[in-house]
Amino acid sequence: MKMEKGPTIILFGGYPGAGKTTQVGLLSQTTEIMVLSAGNLLRQEAKKGTKLGQMFFEHSSKGLRAPDYVVCGILAPHIRLMLDRGTRSFFSDGFPKSVPQLKFLEDLCSSLVAGMIYLDAPEKLLVSRAGARRHCEKCGLIQGTGTLCVTCGEPVSVRYDDDAETVRNRLRTYAQGNQEIVQVLELRKTLMRVDATLGVTAVSESVNAAYSHLTRDRY
């Protein structure tokens, strides 16, 4: 199976707290490629109180993965909008998290994903990072310290799904679906693992190298 019509899609994988959002943001700045920030879009839908948003919140607030049709139903209009605007490349942060979601994304975009940059880190570090990070409701920025967003100046707070118990639940539910995607992409030879225990700069260098490897025959 080979699809060539759609955009170049690179996934960012790794457990919650691995640093995906930080690293995809840095790579986006360098490459000027847009990011599909699934987590922000899903939480925005939950905040709106729509039927799908409420269903997503009921699961995510307990650290559980929402059903595929809920996640895909929320994200589909945003992906279609990007495609309608002629987007030729994008990074996907936090989506897909299961093989059915992966198939949905590839079918919708008429394109196999170029690969995944997977950030590896142990559970103890992940729980610590998630509990320490702060989230800006206005612009979606995630930062490690402070009470005000460094981008827009609005107050930041601990995200509702970042307390230790919920994070541990998220780690368990993440493993159930996303590891299947990892196996699929390993078979395709399009999975690039990065050591996420290092400092931001060192991880960024590895991420850039992984990105170059995945796209070297595409541009």
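All values reported here derive from a predicted model rather than from experimental measurement.

Peer 1: Would you explain the overall build of the chain in this entry?
Peer 2: In terms of helices and strands, the chain carries eight helices and eight strands. Per-residue burial over the chain gives 47% buried out of 219 residues. Partitioning the intrachain contacts of the chain with sequence separation of at least 6 by distance along the chain shows that 73% fall at a separation of at least 24. Accessible surface computed for the chain: about 11,100 Å², of which carbon and sulfur atoms make up 53%.

Peer 1: So what exactly am I meant to see when it comes to the packing of aromatic side chains here?
Peer 2: Aromatic ring pairs: the centre-centre distance and the angle between the two ring planes describe each pair. Tallied over the entire structure, the rule returns two aromatic pairs. Here the aromatic rings of F12 and F91 are separated by 5.9 Å at their centres, their planes lie at 80 degrees, and the arrangement is edge-to-face. Linking F12 in strand β1 (residues 8-13) with F91 in strand β3 (residues 89-93), this pair joins segments that are 79 residues apart in sequence. Exposure class is identical for F12 and F91. Each is buried. Look at F91 and Y211: their rings are 5.8 Å apart centre to centre, the planes differ by 75 degrees, and that puts the pair in the edge-to-face class. Taken together, the residues span a long stretch of sequence, with F91 in strand β3 and Y211 in helix α8 (residues 200-215) at a distance of 120 residues. When sorted by exposure, F91 lands in the same class as Y211, which is buried. Through pairs of rings, three or more aromatic residues link up here, namely F12, F91 and Y211. Taking the ring centre of Y118 as reference, the NZ or CZ of R193 above it sits at 5.1 Å.

Peer 1: Looking at this model, I keep getting lost on helix α2 (residues 38-48). Mind explaining?
Peer 2: Working note: α-helix, 3.6 residues per turn, so residues spaced by three or four point in the same direction. When α2 is considered as a whole, its buried residues turn out to be A38, N40, L41, L42, R43, E45 and A46. Looking one or two places after α2, you find G49, whose phi comes out positive at around 80 degrees.

Peer 1: Even after reading the chapter, I still don't get the environment of T21, so can you show me in this structure?
Peer 2: By the element assignment, T21 lies in helix α1 (residues 20-31). Since its relative accessible area comes to 33%, T21 is described here as partly exposed. The spacing of T21 and V35 is 14 residues in sequence and 9.5 Å in space, taken between C-alpha atoms. A distance of 2.9 Å separates the side chain of T21 from the side chain of D93, its partner in a polar contact.

Peer 1: For this particular structure, what's the right way to read the side chain of S204?
Peer 2: Tracing the chain through its elements places S204 in helix α8. The buried category is assigned to S204, whose relative accessible area is 17%. The residues contacting S204, other than those within four sequence positions of it, are Q23 and L26.

Peer 1: Would you explain the nonpolar core in this entry?
Peer 2: The nonpolar side chains of a soluble globular protein tend to be buried with one another. Judged by nonpolar contacts, the single largest core of 29 residues is most densely connected at L11, L75, F95, L105 and M116. At the level of secondary structure, the elements contributing two or more residues to this core comprise β1, α2, α3 (51-60), α4 (68-84), α5 (99-109), β4 (115-120) and α7 (164-188). Look past the residues within four positions of M116 in its chain and what remains in contact with it is L11, F12, G13, N178, I181, V182, L185, T190, L191, M192 and L214. In this structure, L27, F91, A121 and V203 belong to the second largest nonpolar core, which totals 19 residues.

Peer 1: What's the story with the packing of α3 against α4 in this structure? I'm lost.
Peer 2: The angle between the axes and the distance between the axes are what describe a pair of packed helices. The contact between α3 and α4 brings their axes to 10 Å, and the two run at 130 degrees. With respect to each other, α3 and α4 are oriented oblique. The handedness of the crossing between α3 and α4 comes out as left-handed. Contact with α3, carried on its side by L52, G53, M55 and F56, involves Y69, V70, G73 and I74 of α4 and no other residues of that element. Grouping the constituent residues of the contact of α3 with α4 by class yields six nonpolar, two polar and no charged.

Peer 1: How should I be thinking about the sheet that holds β4 in this particular structure?
Peer 2: Adjacent strands of a sheet pair through backbone hydrogen bonds, lying either parallel or antiparallel. Ordered in space as β2-β3-β1-β4-β8, the five strands form an open sheet in which the pairing is parallel. The strands lining the two open edges of the sheet, one partner per strand, are β2 (34-37) and β8 (191-195). Direction aside, neighbouring strands of the sheet carry axes that sit 25 degrees apart on average. Judged from the five bridges that link them, β4 and β8 form a sheet pairing that is parallel. The residue of β8 that forms the bridge with L119 is V194. Strands β1 and β3 of the sheet are contacted by α5, whose axis makes an angle of about 160 degrees with β1.

Conventions adopted
Residues numbered from 1 in each chain as written. Predicted model: local features only at pLDDT ≥ 70, side-chain atom pairs only at ≥ 80, totals over all residues. Heavy atoms only, no water. Helix = DSSP H or I, 4+ residues; strand = E, 2+ residues; numbered from the N terminus. Buried < 20%, exposed > 50% of the residue type's maximum accessible area, 1.4 Å probe, protein only. Contact = heavy atoms within 4.5 Å. Areas by Shrake-Rupley, 256 points an atom, 1.4 Å probe, with all protein chains shown as cover. Phe/Tyr/Trp six-rings, centres within 6.5 Å; stacked < 30°, edge-to-face > 60°. Lys NZ or Arg CZ within 6 Å of the ring centre and 35° of its normal. Polar contact = N/O pair within 3.5 Å; in protein donor to acceptor, adjacent residues only side chain to side chain. Core = buried A, V, L, I, M, F, W, Y, C linked by side-chain atoms within 4.5 Å. Axes fitted to C-alpha atoms, helices over the stretch in contact; angles between N-to-C directions. Parallel < 35°, antiparallel > 145°, perpendicular 65-115°, else oblique. Left-handed = near helix turned anticlockwise from the far one by under 90°. Nonpolar A, V, L, I, M, F, W, Y, C, P; charged D, E, K, R; others polar. Pairing = 2+ DSSP bridges.

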